[in-house]
Amino acid sequence: MTALNGRHALVTGGGRGIGRAVAAALGQAGAAVTVLGRNEAALRATVAAGHAAGYVVADVTDAAAVASAARNAAAERGPVAILIANAGGAESAPFTRADAGQFRRMVELNLMGVVHSIHAVLDDMLAAGFGRIVAIASTAGLKGYAYVAAYCAAKHAVVGLVRALALETAAHGVTVNAVCPTYTDTDMIAESMQRIAARTGCGTEDALAALIKERPLGRLVKPEEVAEAVRFLCLPGAAAVTGTTIAVAGGEV
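All of these numbers come straight from a predicted model, not from anything done at the bench. (Residues numbered from 1 in each chain as written. Predicted model: local features only at pLDDT ≥ 70, side-chain atom pairs only at ≥ 80, totals over all residues. Heavy atoms only, no water.)

### Here we look at helix α3 (residues 63-77)
Each α-helix turn comprises 3.6 residues. Residues three or four places apart therefore point the same way.
(1) Moving on: In this model α3 runs 21 Å from its N-terminal to its C-terminal C-alpha over 15 residues, within 8% of the 21 Å that 1.5 Å per residue would give.
(2) Moving on: Of the positions making up α3, those classed as buried are Val-66, Ala-69, Ala-70 and Ala-73. Buried residues of α3, viewed axially, fall in a sector of 100°; they line one side. In α3, the exposed positions angled more than 90 degrees off the buried face are occupied by Ala-64, Arg-71 and Ala-75. (Helix = DSSP H or I, 4+ residues; strand = E, 2+ residues; numbered from the N terminus. Expected span 1.5 Å × (residues − 1). Buried < 20%, exposed > 50% of the residue type's maximum accessible area, 1.4 Å probe, protein only. Arc of directions from axis to C-beta.)

### Some thoughts on the nonpolar core
(1) Moving on: Among the nonpolar cores identified, the biggest contains 33 residues, and Leu-10, Leu-36, Leu-83, Ile-118, Val-121, Met-125 and Ile-133 are the most heavily contacted of them.
(2) Moving on: Where this core is concerned, the elements lending two or more residues are α3, β4 (80-85), α4 (100-128), β5 (131-136), α5 (149-169) and β6 (174-181).
(3) Moving on: Counting residues per element, this core draws most heavily on α4, at 8 residues.
(4) Moving on: Membership of the second largest hydrophobic core comes to 30 residues, among which are Val-11, Ala-52, Val-226 and Val-230. (Core = buried A, V, L, I, M, F, W, Y, C linked by side-chain atoms within 4.5 Å.)

### Regarding the pattern of salt bridges
(1) Moving on: Applying the stated criterion across every chain, the model contains 8 salt bridges.
(2) Moving on: The closest approach of N and O atoms between Arg-77 and Glu-76, which form a salt bridge, is 3.2 Å.
(3) Moving on: Among the residues examined, Glu-76 registers a relative accessible area of 61% and is labelled exposed.
(4) Moving on: Glu-214 is the salt-bridge partner of Arg-215, the closest N and O atoms lying 4.0 Å from each other.
(5) Moving on: Ionic contacts of the salt-bridge type, sharing partners, join the residues Lys-143, Glu-214, Arg-215 and Glu-252 into one network. (Salt bridge = Lys/Arg side-chain N within 4 Å of Asp/Glu carboxyl O.)

### A few points about the sheet that holds β4
Each strand in a sheet pairs with its neighbour through backbone hydrogen bonds, running either in the same direction (parallel) or in the opposite one (antiparallel).
(1) Moving on: Taken together, 7 strands build an open sheet; the order of strands is β3-β2-β1-β4-β5-β6-β7 and the sheet is parallel. Of all strands in the sheet, those bounded by a partner on one side alone are β3 (54-57) and β7 (245-248). Direction aside, neighbouring strands of the sheet carry axes that sit 20° apart on average.
(2) Moving on: Lying over the sheet, α3 contacts β1 (8-12), β2 (32-37) and β3, oriented at roughly 160° with respect to β3.
(3) Moving on: In the packing of α4 onto the sheet, the strands contacted are β1, β4, β5 and β6, and the crossing angle to β4 comes to about 165°. (Pairing = 2+ DSSP bridges. Axes fitted to C-alpha atoms, helices over the stretch in contact; angles between N-to-C directions. Contact = heavy atoms within 4.5 Å.)

### Things to note about unusual backbone geometry
(1) Moving on: One non-glycine residue, Tyr-147, adopts positive backbone phi at about 75°.
(2) Moving on: Checked against the element boundaries, Tyr-147 lands in the loop between β5 and α5.
(3) Moving on: Of the residues examined, Tyr-147 reaches a relative accessible area of 55% and is grouped as exposed.

Rendered as structure tokens:
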């Protein structure tokens, strides 16, 4: 596939899980992909596996670091034309134990990480008259889940950001969308199952089985399935799709 030939894509949180799958999908479509994240070893492994052309190290909660990393990536592969704001994470606790610190951490990582990433690349997109911005939100941005109120609040905010920013950029060739996966087969889910198992005393397989039982699809979503939705939004033919969300959720929403 060559639909994205000549386009430079920056994928945050690109060293594992959904980010790595997205990097591979965009690369297969012809994009020159840079992955960004905090774990240099994981980023280097993504490049070594052929899923990206290069990497930059930055924490998305640090606006200056993200801006510097984006400039360094652009110096090597040209201005960023495609941004996949994927970096994120979840903390769980009953609301009565979810203090202000947890809410701040979830907002800084899941919302402000997206804001910082967009700020780092949007001017170049507007100048070029072309851009694709895709935020990896979550079904937690479309509905509620118990025990992750702070995470849900932050992901709902990402969806609102997408809808608002799309109105500012629609006439300039820049689309802004969100992809909202349900529980996906990633390290984050594996770590979550381990925490549930430790807290409840059940095995991780039992915890996962209970989670899957509640999903209409009857299984976890694959990272590659999320990546296909992202790739579609980045193609030239998706130029009129902006300000929307795509739920990769097997009927859950």
